[in-house]
Each structure stands twice: as C-alpha cells, then as structure tokens.
Amino acid sequence: MKNIFKIFLLSFAVVFTSCDDELDINTDPNSPAQITKGLALASSEASLVTILGGELTNLGGFWAQYHTQSPSASQYEVFDQYNLTTSYADRLWTEIYAGCLNDLEFTITTAQEDGDTGTVVIATCLKAYTFQLMVDLFGDIPYTEALQGIENITPTVTPGEEVYADLIAKLDEAVAAYEANPVNGGVGSQDQIYGGNVARWIEFSNTLKLKMYIRMAYTPMANPSAVNALLAEDNFITVDAAFTNFDDTQNKRNPFYEVQIDRLGDVNNVASNTLRDFYQDNGDIRIQAAYRPSGTNPLNFPSISQGTGNDFNNTAASYGRPNIWQQTPVFLISLAESNFLQAEALIRYAGGAGAKEKYDNGVLQSFLTYSKYFEKDDDLTDTEENLIPVFTADEATAAATALTDAGGAYEYNATGDTETLVRQVIIQKWASLPYINNIEAYIEATRTKFPEVVPEGTEDYSQGNRIPSAISTLPNVQIPSILFYPDDEVNRNPNITQHNSLTDNVWWDQKTE
C-alpha cells in the first residue's frame with residue numbers, strides 16, 4: 001500500500017508542478033521494465049483519477065455550471081470566460097499519455113505474456129475509458145500510432161470515430177479471451193477500483209460500451225442492434241466504479257481537495273445559481289451533497305449567477321462551495337449514470353418500454369451514492385471536522401421516491417417525442433453528477449444540448465437551464481465544445497494541427513442546434 005501511495009504522490013507531482021522539461025507522450029517516465037503489472041496498473045489508476053478528480057472536476061464544474069469563479073479570487077476566470085489558452089492541457093495530456101496510458105500498455109503486454117487474461121480485461125477497460133475520454137475532450141487524437149516509444153515520436157491522429165470503433169472491438173476481444181480461458185493473475189488490491197474482480201470489470205466493459213454507443217446517437221454510426229443486444233444481456237455495473245483509496249494526509253487526499261481546498265485555500269469555487277436553484281426550487285436534498293454551507297446554518301447555500309464574481313466583494317466563504325473532502329472518492333462511472341444510459345437507450349431504440357423504471361432507479365441510485373460516499377461537518381459552530389454522511393440511506397430513498405412518484409417534481413412523463421423524453425433523462429443525469437463526475441456532465445450537455453443554454457433572463461432553473469457566462473468571450477449562447485491540443489504536443493509533433501476554436505465539434509457532436 002505504501003508503494004501505491006508513492007505512485008499516487010508522483011502523479012500529483014507531475015500534474016500540479018510546473019516544469020520546463022515535460023515529457024513527450026511517447027517517452028515512458030515510469031521505467032515499466034522495473035515494475036510489475038500490478039504496480040503499473042495501480043500507477044495508471046492513480047494517474048487517471050488525479051486528472052479526472054482534479055483538473056477535470058474543476059473545469060467540468062465551471063462548464064456544467066455547478067460552480068463559478070468566486071468574487072474573492074480570479075484564478076479560473078478564464079474558465080468562465082471560455083477563454084482557455086492552447087497551453088491549458090499541457091500537463092493533463094502528459095499525465096494521461098506518458099503516465100496512465102503507457103502504464104496500461106505495459107500492464108496489458110505483460111499480462112498477455114503471462115497468459116493472465118483477467119488482468120488484460122481490467123487494463124483494457126481502463127485504457128478504453130481513458131482513450132474515450134480523450135476523444136471526448138480533444139476530438140481526433142494519437143491512437144493507432146501512439147504508445148510506441150522511440151519507434152514513433154510523432155504519431156498521427158486517428159479520427160475519433162475510428163478510435164471509438166476500435167476501443168469497442170478491443171473490449172470485446174479481451175472479454176472473449178477471458179471467457180475462453182479465465183485466468184486471474186491476482187493483481188487484487190493493486191486494482192484500486194474493483195479489487196481485481198474481473199466479473200465487475202466485465203460489467204464495466206458493457207456499461208462503457210453502452211456509453212460509447214449512446215454517444216453515437218446523433219451520428220450515422222448509431223447502432224440500435226448493438227445497443228439492444230447489450231440491453232438484452234443486462235450485465236451492467238452493479239457497484240459504482242470509484243477510486244476510494246484516499247487518506248487524510250497530505251498528497252494522499254482527493255485531488256480536488258488537495259489542490260483547490262488545501263493548497264489554494266478554498267477561495268476559487270462557489271455555487272452557481274444554475275445547479276443550486278435547480279436543487280432548491282425542486283426541494284432536492286442533494287443540495288447538501290453538492291455544496292458545503294456558508295456560516296453556521298447547515299442549509300444555507302448562497303450562490304451567484306455564472307460568471308458574475310466581479311459584481312460582488314464577498315469572500316468565497318460567503319457562498320456554498322464544492323462539497324469535496326479529503327477522502328471523497330473519484331468516480332469513473334456511477335450506478336446512476338448507468339441507469340440513465342439504459343433509460344436513454346430504451347427510449348431511442350426500444351420504444352421506451354422500461355425507460356421509466358431505469359429513470360426512477362437512476363434518480364434513486366444518485367441519492368444513495370451521495371448518502372454512501374459524501375459527508376458533511378456535523379457542527380459548523382466549531383473549527384473541528386467531525387464528518388458524518390450528508391443524509392442516511394433511508395432519507396435518500398424517501399427523498400428520491402417522493403420526487404419521482406406521481407405528482408413529484410421529477411415524475412417521469414412518458415408522453416412526447418424522443419427528444420422530449422431524452423431531455424428528462426439528461427436533466428436528471430446532469431443533476432446526479434455534481435462532484436461525482438463533473439466533466440461527464442459537461443460532455444453529455446455538449447452531446448445532447450441539455451440543459452439548454454438560453455439567453456440570460458429567459459432561464460427557468462427549476463426545469464434545468466444554463467445561461468452564457470456573464471463574462472463569456474463567445475457570441476450569443478455559445479460555450480466551448482472541445483479543448484485545444486496542448487502547445488507542448490503541437491510544437492513537438494508536426495502531425496497534429498491545432499483546432500480553430502473552442503467551438504469546433506468532436507466527431508459525435510452532430511445534433512442540430
């Protein structure tokens with residue numbers, strides 16, 4: 001366990017420390033020949049959750065409009081301005097390629113040499129998840145020619161749709177090889193997500209494939225038969241896919257907490273009206289899970305309109321702030337997300353039969369995940385941190401059921417066209433992801449255009465709407481839909497051409513606006 005935390009500490013150092021000699025994506029900084037496949041797997045997971053739970057939780061929170069820049073600081077004002085530079089993703093890119101993906105490549109190669117089909121499944125799932133995330137953020141990426149070391153230091157980019165298709169094929173191959181010869185090489189607790197349980201990773205593989213197929217919904221690659229086959233098999237995740245192995249000591253804590261709350265002093269991120277008013281207007285107790293209160297009133301969560309921090313003189317402590325603590329997990333896929341994916345699939349490709357049940361369960365599982373993993377200080381009148389669950393499982397069940405039952409604010413309405421039905425699902429997915437997976441909420445809003453971005457003054461937060469940030473540099477109601485490739489990679493690799501704008505589209509972003 002100490003070795004795993006040392007690896008985790010190294011990941012923090014790479015991501016959050018500026019350096020002049022950042023590594024090329026094809027140079028492996030971890031000397032994989034010196035480590036075992038289990039340690040390489042642990043290192044890859046640490047790299048992934050450092051990015052997913054740190055930088056992408058921060059950025060996704062701004063663009064999904066869960067939080068906004070506080071009046072008392074300006075460090076992330078460029079996020080609210082939609083004005084990221086081409087150097088923004090330098091460290092993110094390096095950590096993912098030189099850290100996470102290189103370690104996973106080593107793990108897969110070593111496991112295949114050992115005949116360890118179980119570890120191949122685990123590492124292939126993580127590799128597919130990570131490459132899929134990079135496509136969703138950057139569009140076309142180095143893939144087919146990537147991870148070849150000095151054999152190819154200037155890989156060309158592979159079109160995102162080809163990456164997706166190959167990832168699905170690789171997942172199928174790994175699972176088929178395991179089922180034909182089930183060998184578990186015993187990475188065990190070095191797998192920090194499912195403890196080496198291959199059956200859980202096969203569930204994860206199916207859920208990830210469903211997610212990728214649903215991403216294709218507005219494209220010519222939409223595949224109803226593949227989706228219906230997954231639905232018929234009904235072997236999706238039964239436990240949240242979450243990295244929970246954080247400790248309450250420096251450099252071993254949740255990465256958002258480590259940087260934003262501890263190192264930077266909790267001064268940047270405050271509640272956005274967009275999410276806070278949605279919860280409050282609908283009587284949704286998840287507001288207690290998403291935000292820490294201001295002052296000593298445990299139900300006081302003041303917020304501001306997106307991008308209006310410069311209009312106030314208060315400190316961040318005057319507002320609700322992200323409810324992330326030292327040991328808050330980082331989630332890859334939650335049970336709620338899985339249920340909402342299934343609900344959308346049933347609406348689009350199965351006539352809607354069973355969609356209500358998946359929708360209702362998605363809401364319920366969201367409440368239960370918050371009750372299981374999210375905490376609050378039970379006494380705000382002192383300086384001690386005595387953390388207890390934000391609400392109990394019984395309270396979560398009662399609250400979710402009341403909202404989805406007949407007459408409840410979230411009652412599923414089975415009438416209307418496909419987009420009307422899908423909107424209900426996506427709004428609840430968006431409401432289920434705060435500080436669970438902020439970047440996923442932003443990506444899904446980009447795909448579906450829900451919650452809609454509407455002109456300020458026309459929004460109805462109770463129904464789920466976003467507004468353009470008050471300090472946006474983009475015209476009308478536009479918000480970013482892609483990230484710039486990092487300068488470090490563009491400057492080193494002549495085969496990568498920079499995007500024209502943050503409003504360029506990822507390949508699956510084809511819904512008519």
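None of these values were measured; they are calculated from a predicted model.

### A short note on the overall build of the chain
Right, so step 1: Broken down by element type, the chain carries 17 helices and 12 strands.
Right, so step 2: What you see for the chain is a C-alpha radius of gyration of 22 Å, in line with the 24 Å of a compact globule of 513 residues.
Right, so step 3: The principal-axis extents of the C-alpha atoms in the chain amount to approximately 55 × 55 × 45 Å.
Right, so step 4: Each of the 513 residues in the chain was classed as buried or not, and the buried ones make up 61%.
Right, so step 5: Sequence-distant contacts in the chain: of pairs separated by 6 or more residues, those separated by 24 or more amount to 76%.

### With respect to the nonpolar core
Right, so step 1: Counting 145 residues, the largest nonpolar core has Phe138, Phe204 and Leu332 as the members making the most contacts within it.
Right, so step 2: Sort the elements by how many residues they give to this core and helix α5 (residues 117–138) lands first, with 14 residues.
Right, so step 3: Excluding residues that lie within four positions of it along the chain, Phe138 makes contacts with Ala89, Leu92, Trp93, Ile482, Leu483, Phe484, Tyr485, Pro486 and His499.

### Some words on helix α6 (residues 160–180)
Right, so step 1: The end-to-end C-alpha distance of α6 is 30 Å, a good match for the 30 Å that 21 residues give at a rise of 1.5 Å each.
Right, so step 2: Along α6, the residues classified as buried are Gly160, Val163, Tyr164, Leu167, Ile168, Leu171, Ala174, Val175 and Tyr178. Seen from one end, α6 has its buried residues packed into an arc of 135°, which puts them on one side.
Right, so step 3: At its buried positions, α6 is contacted by α5, β2 (141–142), β3 (157–158) and α7 (198–215).

### Here's the deal with the packing of α7 against helix α16 (residues 438–448)
Right, so step 1: In the contact formed by α7 and α16, the axes pass within 11 Å of each other and the chain directions differ by 35°. Taking contact as the criterion, the partners of Lys211, Ile214 and Arg215 in α7 are, on α16, Glu440, Ile443, Glu444 and Arg447.
Right, so step 2: A class-by-class count of the residues in the contact of α7 with α16 yields two nonpolar, no polar and five charged.

### Examining unusual backbone geometry
Right, so step 1: With omega at -10°, the peptide bond leading from Phe450 into Pro451 counts as cis.
Right, so step 2: Notably, Asp234 is not glycine yet its phi reads approximately 55°, a positive angle.

### With respect to the side chain of Glu203
Right, so step 1: Structurally, the position occupied by Glu203 is in helix α7.
Right, so step 2: No salt bridge is formed by the buried Glu203; its nearest oppositely charged neighbour, Arg200, is found at 4.0 Å.
Right, so step 3: Residue contacts for Glu203: discarding those within four places in its chain leaves Asn235, Phe236, Ile237 and Thr238.

### Side note on a negative patch on the surface
Right, so step 1: On the surface, Asp248, Asp378, Asp382, Glu384 and Glu385 cluster together into a negatively charged patch.
Right, so step 2: Checked against the element boundaries, Glu384 lands in the loop between β9 (375–377) and β10 (387–389).

### A word on helix α12 (residues 335–349)
Right, so step 1: Its 15 residues give α12 an end-to-end C-alpha distance of 21 Å, which sits within 8% of 21 Å, the value for a rise of 1.5 Å per residue.
Right, so step 2: Of all 15 residues that make up α12, 15 are buried, and the element is covered over most of its length.
Right, so step 3: Looking one or two residues beyond α12, the residue adopting positive phi is Gly351, at roughly 70°.

### Points about the pattern of salt bridges
When their charged atoms lie close together, side chains carrying opposite charge are able to pair.
Right, so step 1: Taken as a whole and judged by the stated rule, the model has 26 salt bridges.
Right, so step 2: The shortest N-O distance in the salt bridge between Asp509 and Lys449 comes to 2.6 Å. Placement of Asp509 in the segment after α17 (487–492) and of Lys449 in the loop between α16 and β11 (452–453) is noted, with a sequence separation of 60 residues between them.
Right, so step 3: Through salt bridges that share partners, Asp136, Lys211, Arg215, Glu337, Glu344, Arg348, Glu419, Lys429, Glu440, Glu444, Arg447 and Lys511 make up one connected network.

### Digging into the confidence of the model for the chain
Right, so step 1: Here the chain averages 93 in pLDDT, and 93% of its residues register 70 or above.
Right, so step 2: Below pLDDT 50 for its whole length, residues 1–33 participates in 85 contacts with residues either more than four positions away or in separate chains.

### Structural notes on the packing of aromatic side chains
Right, so step 1: Counting across every chain of the model gives 28 aromatic pairs.
Right, so step 2: Aromatic pair Phe62 and Tyr76: ring centres 6.1 Å apart, planes at 55°, arrangement tilted. You can see Phe62 sitting in helix α2 (residues 37–63) and its partner Tyr76 sitting in the loop between β1 (67–69) and α3 (77–81), a full 14 residues away along the chain.
Right, so step 3: On the basis of an interplanar angle of 40° and a centroid distance of 5.9 Å, the ring pair of Tyr66 and Trp430 is categorised as tilted. Pair noted here: Tyr66 is in the loop between α2 and β1 and Trp430 is in helix α15 (residues 418–432), with a separation of 364 residues, a long-range link. Trp430 shares its class with Tyr66; the two are buried.
Right, so step 4: Three or more aromatic residues joined by ring pairs make a cluster, and in this case those are Tyr66, Phe278, Tyr279, Tyr410, Trp430 and Tyr435.
Right, so step 5: Cation over ring: Arg215 sits above Trp508, and NZ or CZ is 5.8 Å from the ring centre.
Right, so step 6: When the ring centre of Tyr218 is taken as origin, the NZ or CZ atom of Arg348, which lies over that ring, is 4.6 Å away.

### Some points on the state of the cysteines
Right, so step 1: This model, assessed by the stated rule, comprises zero disulfides.
Right, so step 2: Free of any disulfide, Cys100 has its nearest neighbouring cysteine sulfur in Cys125, separated by 13 Å.

### A look at the packing of α5 against α6
Right, so step 1: Remark: α5 packs on α6, axes separated minimally by 9 Å, with the N-to-C direction vectors making an angle of 165°. Considering the angle they form, α5 stands roughly antiparallel to α6. Every pair of crossing elements has a handedness; the one defined by α5 and α6 is left-handed. Contacts between α5 and α6 involve Thr117, Gly118, Val120, Val121, Thr124, Cys125, Ala128, Phe131, Gln132, Val135 and Asp136 on the former and, on the latter, Gly160, Val163, Tyr164, Leu167, Lys170, Leu171, Ala174, Val175, Ala177 and Tyr178.
Right, so step 2: Class assignment of the residues belonging to the contact of α5 with α6 gives a composition of 14 nonpolar, five polar and two charged.

Here is what the cut-offs are and how they apply
Residues numbered from 1 in each chain as written. Predicted model: local features only at pLDDT ≥ 70, side-chain atom pairs only at ≥ 80, totals over all residues. Heavy atoms only, no water. Helix = DSSP H or I, 4+ residues; strand = E, 2+ residues; numbered from the N terminus. Rg over C-alpha atoms; globule rule 2.2 N^0.38 Å. Buried < 20%, exposed > 50% of the residue type's maximum accessible area, 1.4 Å probe, protein only. Contact = heavy atoms within 4.5 Å. Core = buried A, V, L, I, M, F, W, Y, C linked by side-chain atoms within 4.5 Å. Expected span 1.5 Å × (residues − 1). Arc of directions from axis to C-beta. Axes fitted to C-alpha atoms, helices over the stretch in contact; angles between N-to-C directions. Nonpolar A, V, L, I, M, F, W, Y, C, P; charged D, E, K, R; others polar. Lys, Arg positive; Asp, Glu negative; His and termini not counted. Salt bridge = Lys/Arg side-chain N within 4 Å of Asp/Glu carboxyl O. Patch = residues over 30% accessible without salt bridge, like charges linked within 9 Å, V, L, I, M, F, W, Y side chains within 5 Å. Areas by Shrake-Rupley, 256 points an atom, 1.4 Å probe, with all protein chains shown as cover. Charge placed at Lys NZ, Arg CZ, Asp CG, Glu CD. pLDDT = per-residue confidence, 0-100. Phe/Tyr/Trp six-rings, centres within 6.5 Å; stacked < 30°, edge-to-face > 60°. Lys NZ or Arg CZ within 6 Å of the ring centre and 35° of its normal. Disulfide = S-S within 2.5 Å. Parallel < 35°, antiparallel > 145°, perpendicular 65-115°, else oblique. Left-handed = near helix turned anticlockwise from the far one by under 90°.

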